[in-house]
Amino acid sequence: MNNAPHILVVDDELQIQRAIRTILTEKGFKVTTASRGEEGLTLAATNEPDLVILDLGLPDMDGVEVCTRLREWTQIPIIILSVRDSERDKVAALDKGADDYLTKPFGIEELLARVRVALRHSASRQGTQSKVIHAGQLVIDLAWHSIKRGDEEIKLTATEYKLLAYLAANHGRVLTHQSILANVWDPADANHTEYLRVYMRQLRKKLEVDPERPQFILTEPGIGYRFIADE
Amino acid sequence: MRNSNFISRSFQYLLAFGFIALVTVILIALREALDTTLVALLYLIPLGLITAYLGLGPGITSALVTFLTFNYFFIKPYYTFAVHRPTDVVILVIFLIVAIVISQLVGRMQASLAAATAREREATRLYELSTALAGLHNDHVISQILAKQVQEVSQGEAVEINITGGQPFAYRLPDSAQPTRSPEWVVPIEVARGVLGEILLWRAAPAITSGEKRLLQTFASQGALALERARLAQAESRARVLEESDHLKSILLSSVSHELRTPLSTIKAAASSLRSDDVHWDSAARPELIAAIDDEADHLNMLVGNLLDMSRIESGVLKPKREWNILSEIVGSVLARMKHLAGEHRIEVDVPESLPLMPVDYVQMEQVFTNLLSNSVKYAPERSVIRVRAFVEDESVHVVVRNQGPQVPQEHLERIFDKFFRITAADRVTGTGLGLSICKGIIEAHSGRLWAENVPDGLAFNFTLPLVWEGVSPPTLPMDTETE
């Protein structure tokens, strides 16, 4: 089991630590735990884990601070796990480099799904990025700029394509409004969420089976969007 | 100022002398027909008038002048100050005494009349001030009125009210440039407990009289009383708010402990029976118990979330993060999430995509729809229809969530938005009794209005939200249409 992914859990609640450790170990991950921010930072440097699960309310420092300090030297995926449910806290953590955010209490299936997405993304960052993304009937070919539903070609405008390409390339991850606007439009447009609302509606109409109940482009209320592709 | 005063005084003396000269000329013309004593009596008339209208100074001086002219023109031998007959001496002396006494008397009466008028004016000013200050509970307004009155009474160049107690601030009149020199007069605004501030007055000339100083002192103490009253009223309302919130907290605690215990007891019962040997691994009860734990944990989480939201609304922390949003997207996402909660109810939605973009907080609006819909689901009978409709009305969007549930007695239509208000007994439905008051809090934070009304076959929740946000109308965006 030497090449089992190594996960570092930084949380000061021992019950949560125990539950996550039990389940993740059961699922074949190697788990290390820490209760304090400093301890977590040290373990991250010495053990080189593949992923960090991080609580925001740590006794010695704020989780966002841990996030910032990790990002000074490493790009390993970070999943935030916190009782703080305000959108401002979530966006702050995501903007400081966290990859995903899960509010306590959470379902374990959801945590496992997020862990898998995060690990796959870190793998693809190291080189093996797939250029073709499948989502249900949709096939998105980022190399050829083509989108098909089954055999039927879907026509997108330039902006719509740029938007979809950004979402699809980061499928499974939550993307904040700001990061989408900055990447697809211009950093100067980071406050114009109305662009996003309108273009997302257009995009959903072209891609989704039922645009009112989207399956692929999900809204993360108050935070941003997440594109769901096949595993 | 002083110069013109001197001129007006000299003018008064000239007027007095002129009047005496006129009377003297008339009397000389009638000299042969009049007796000396009659002349003396006639002379007293102008003297009285002069003192009454021109004051004590001109009066006394005129008395002396008249004494001389009387002697010179009317006592034989004429045109000399010599007096031959002893009776004339007596007349002269009596005339002088009577003239001076009359002048004195009239003058004193005048002075006391002037003082009375001044006192009456002061009293009127004070009355005006105390009426203006009555019932005021705001330090700023009190200082403004005080400054205005001081300015009107004193006619000074500038007035400043400095409040030091509580939150310090200064109010100036006129609010333009302040004289750079130090003020001519400073009155502390003082109450028994200490100094609350001070009144500064700039007026170089004329110098502030002791009467004015006395009046300003009274003003200061009136101001002090008003400020003190304001403070007491504030303290009292704070105490009342605290008492009310204390009362609410105790209702909350009893309601919450009941609400929280219900899911907790389910969880506890399910978990402990799973742990014991009573339930076999392959028993059909197992997945059911596990589902119960999962569902009740979600329910518990929702309750805690509601409580948190309510406390955020109450403390004013819940500021909407407003952005231009598409209402149909919000409703759609709520419906997608509520699919399994809606049960047997049919939800019909008429929220056109063509509605303008709305300046709302996405998450909070989701919550409004979730709460209104789950309220409808909870009370309306199974298989009934719930309708959601939105349309533009004037400068706002009107949303109606209409169910076929039981109607609410007219007198309770307002109260259903109060915290913990229930029409049915608390143990018959689940929830915190907070859902609707959270909706109201959110809609009002968006400067909208939320109300309920009975409709022929049920109950309708209505709310309106303004489309114009900070003076800006909903944007329409240029779309690119060209495909790749």
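Residues numbered from 1 in each chain as written. Chains lettered and ligands numbered in written order. Predicted model: local features only at pLDDT ≥ 70, side-chain atom pairs only at ≥ 80, totals over all residues.

Thoughts on the overall build of chain B
Then comes step 1: Within chain B, the regular secondary structure consists of ten helices and eleven strands.
Then comes step 2: Evaluated residue by residue, chain B yields a buried proportion of 26% over its 484 residues.
Then comes step 3: Relative to all contacts within chain B whose residues are 6 or more apart in sequence, the contacts with residues 24 or more apart total 69%. (Helix = DSSP H or I, 4+ residues; strand = E, 2+ residues; numbered from the N terminus. Buried ≥ 20, exposed ≤ 12 C-beta atoms within 10 Å, placed from the backbone. Contact = placed C-beta atoms within 7 Å.)

Focus on the overall build of chain A
Then comes step 1: For chain A, the helix and strand inventory stands at eight helices and twelve strands.
Then comes step 2: Per-residue burial for chain A yields a buried fraction of 36% across its 231 residues.

Examining the nonpolar core
Then comes step 1: Counting 58 residues, the largest nonpolar core has V52(A), I53(A), L54(A), I80(A) and L164(A) as its most contacted members.
Then comes step 2: Top contributing element to this core by residue count: helix α8 (residues 193-207) of chain A, with six residues.
Then comes step 3: The residues that make up this core include at least three from each of domain 1 (6-127) and domain 2 (130-227) of chain A.
Then comes step 4: Once you skip the residues sitting within four places of it in the chain, L164(A) turns out to touch I140(A), I147(A), L156(A) and L203(A).
Then comes step 5: Ranked by size, the runner-up nonpolar core spans 39 residues in total, among them V331(B), F369(B), I386(B) and I438(B). (Core = buried A, V, L, I, M, F, W, Y, C linked by C-beta atoms within 7 Å. Domains from an automatic or database assignment.)

So, the packing of helix α7 (residues 285-314) of chain B against helix α10 (residues 435-445) of chain B
Residues and elements named next belong to chain B.
Then comes step 1: Relative to each other, α7 and α10 sit at 40°, their axes nearing to 10 Å. Classified by the angle their axes make, α7 and α10 are oblique. Between α7 and α10 lies a crossing whose hand is left-handed. Listed contacts from α10 to N306, D309, M310 and I313 of α7 are G435, S437, I438 and G441.
Then comes step 2: Its residues assigned to classes, the contact of α7 with α10 shows three nonpolar, four polar and one charged. (Axes fitted to C-alpha atoms, helices over the stretch in contact; angles between N-to-C directions. Parallel < 35°, antiparallel > 145°, perpendicular 65-115°, else oblique. Left-handed = near helix turned anticlockwise from the far one by under 90°. Nonpolar A, V, L, I, M, F, W, Y, C, P; charged D, E, K, R; others polar.)

What to know about the sheet that holds strand β4 (residues 78-82) of chain A
All names here are of chain A.
Then comes step 1: In spatial order, the strands read β2-β1-β3-β4-β5; together these five strands make up an open sheet with parallel pairing. Edge positions in the sheet fall to β2 (30-34) and β5 (100-103), since each has one partner strand and no second. Between one strand axis and the next, the sheet turns through 20° on average, direction left out of account.
Then comes step 2: In terms of strand pairing, strand β3 (residues 51-55) meets β4 through four bridges, oriented parallel. Bridge pairing in β4 places I53 opposite I79. (Pairing = 2+ DSSP bridges.)

Some details on the environment of I102(B)
Residues and elements named next belong to chain B.
Then comes step 1: For I102, the position within the fold is in helix α4 (residues 86-133).
Then comes step 2: Residue I102 is classed as partly exposed on the basis of its C-beta count, with 18 C-beta atoms lying within 10 Å.
Then comes step 3: With 39 residues separating them in the primary sequence, I102 and A63 have C-alpha atoms 9.3 Å apart.
Then comes step 4: Among all residues touching I102, those that are not within four sequence positions of it are L44, L47, G48 and T51.

Some points on the interface of chain B and chain A
Then comes step 1: Facing the 21 residues of chain B at the interface are 20 residues of chain A.
Then comes step 2: Broken down by secondary-structure element, the contributors of at least two residues to the side of chain B that touches chain A are α7, β5 (323-325), α8 (327-338) and α9 (362-379) of chain B.
Then comes step 3: For the side of chain B that touches chain A, the element with the most residues is α8(B), which contributes four residues.
Then comes step 4: Its residues assigned to classes, the side of chain B that touches chain A shows nine nonpolar, six polar and six charged.

Let's talk about the confidence of the model for chain B
Then comes step 1: Across chain B, the average pLDDT comes to 84, with 94% of residues at or above 70.
Then comes step 2: Interface confidence for the predicted complex, expressed as ipTM, amounts to 0.81; the pTM equals 0.62. (pLDDT = per-residue confidence, 0-100.)

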